[in-house]
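These are the residues of each chain, in order.
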Amino acid sequence: MWRYWWSGLVAERFGETFPFGTLVVNIVGSALIGTFSGLLPHVANGRLSTALQQLLMVGVCGGLTTFSSFSLQTYNLIVEGRWLSALGNIALSSGLCLGCVAVGWQVTQGIRF
Amino acid sequence: MAIGGGIGSVMRFAVSEWMSHLLVWTPLPILVVNVTGCFAISFLNFVSDPSGEIYLGSRSRVFLLVGVCGGYTTFSSFSLISFNAARHGAFVDLWLNMGLSHLLCLFGIWMGAMIAAPFPHALRAALRLWRS
């Protein structure tokens, strides 16, 4: 739901020329999963059940982000002959999401548990 | 759509759990999930295109495409797996995961589009056969 709302909002602002909406939700979800992966094992003295950890990472982050919409949008860019945009979408999404996971995780490393 | 997302997430969990027992390569379960999800979203998208012959209301399309397929596939888990590979110096895994994911998922999209094109005709032919 958030993904649809955010994507729509971003699409309205920046137009449908580039799939910024999907990029934004993927970035946010990646930052979240990075934070969770560094944080959750330490919450409540490590007594947070693996089920809950899974729920947060698999459910929330996994549900927020999407690979299918991203790929479909990349494919449409290719079909329209916009190769540069397609490659840019792949590079930008992969790079920024990887970076956001790193940032999210790194932030948790400075916390004293 | 939230229900679709929930269904998609549960399906993703089920598939990745099942895959993790089959082959021991960390990125594989999510890779399988994402490729199958890309095929699904592409097939459903092109087979129910408003200009085509098979009609699927916009609410159904949103439910299936944005909800189920969107919730089923994941960019965050893919990114986390890539990050952990980089963190542990497993750079072959990192690049293999990134390369294979993008290539195979785009291939899945293409396959979905290719199969969706003749699908209405095949369906009608099959129904005619069944009714005769």
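Coordinates for the structure precede this section.
Bear in mind that the values here come from a model prediction, so they are computed numbers and not experimental data. (Residues numbered from 1 in each chain as written. Chains lettered and ligands numbered in written order. Predicted model: local features only at pLDDT ≥ 70, side-chain atom pairs only at ≥ 80, totals over all residues.)

(A) Here's a closer look at the overall build of chain B. Of regular secondary structure, chain B possesses six helices and zero strands. In chain B, the succession of α and β elements from N to C terminus is α-α-α-α-α-α. Projected onto the principal axes, the alpha-carbon positions of chain B cover approximately 60 × 30 × 25 Å. The 132 residues of chain B split such that 39% are buried. (Helix = DSSP H or I, 4+ residues; strand = E, 2+ residues; numbered from the N terminus. Buried ≥ 20, exposed ≤ 12 C-beta atoms within 10 Å, placed from the backbone.)

(B) Representation of the overall build of chain A within the structure. Broken down by element type, chain A carries five helices and zero strands. Along chain A, helices (α) and strands (β) appear in the sequence α-α-α-α-α when read from the amino end. Restricting the contact set of chain A to residue pairs at least 6 apart, pairs at least 24 apart contribute 66%. (Contact = placed C-beta atoms within 7 Å.)

(C) Quick peek at helix 2 (residues 28–47) of chain B. The end-to-end C-alpha distance of helix 2 of chain B is 28 Å, a good match for the 28 Å that 20 residues give at a rise of 1.5 Å each. For helix 2 of chain B, a buried count of 15 out of 20 residues is recorded, marking the element as mostly surrounded by other parts of the structure. (Expected span 1.5 Å × (residues − 1).)

(D) Here's a closer look at the interface of chain B and chain A. At the interface, 33 residues of chain B touch 32 residues of chain A. Only helix 1 (2–20), helix 2, helix 3 (58–72), helix 4 (76–87) and helix 5 (91–116) of chain B provide two or more residues apiece to the side of chain B that touches chain A. Top contributing element to the side of chain B that touches chain A by residue count: helix 4 of chain B, with seven residues. Looking at the side of chain B that touches chain A, its residues break down into 16 nonpolar, 16 polar and one charged. (Nonpolar A, V, L, I, M, F, W, Y, C, P; charged D, E, K, R; others polar.)

(E) Layout of the nonpolar core. Membership of the largest hydrophobic core comes to 47 residues, with the highest contact counts inside it found for Ile-33 and Val-101 of chain A together with Cys-38, Ile-41 and Cys-69 of chain B. Taken together, the elements giving at least two residues each to this core come down to helix 2 (20–39), helix 3 (50–64), helix 4 (68–79) and helix 5 (83–109) of chain A together with helix 2, helix 3, helix 4 and helix 5 of chain B. The element contributing the most residues to this core is helix 2 of chain B, with 10 residues. Ignoring anything within four residues of it in the chain, the contact list for Ile-33 of chain A reads Met-57, Cys-61 and Val-101 of chain A together with Ser-76, Ser-77 and Leu-80 of chain B. (Core = buried A, V, L, I, M, F, W, Y, C linked by C-beta atoms within 7 Å.)

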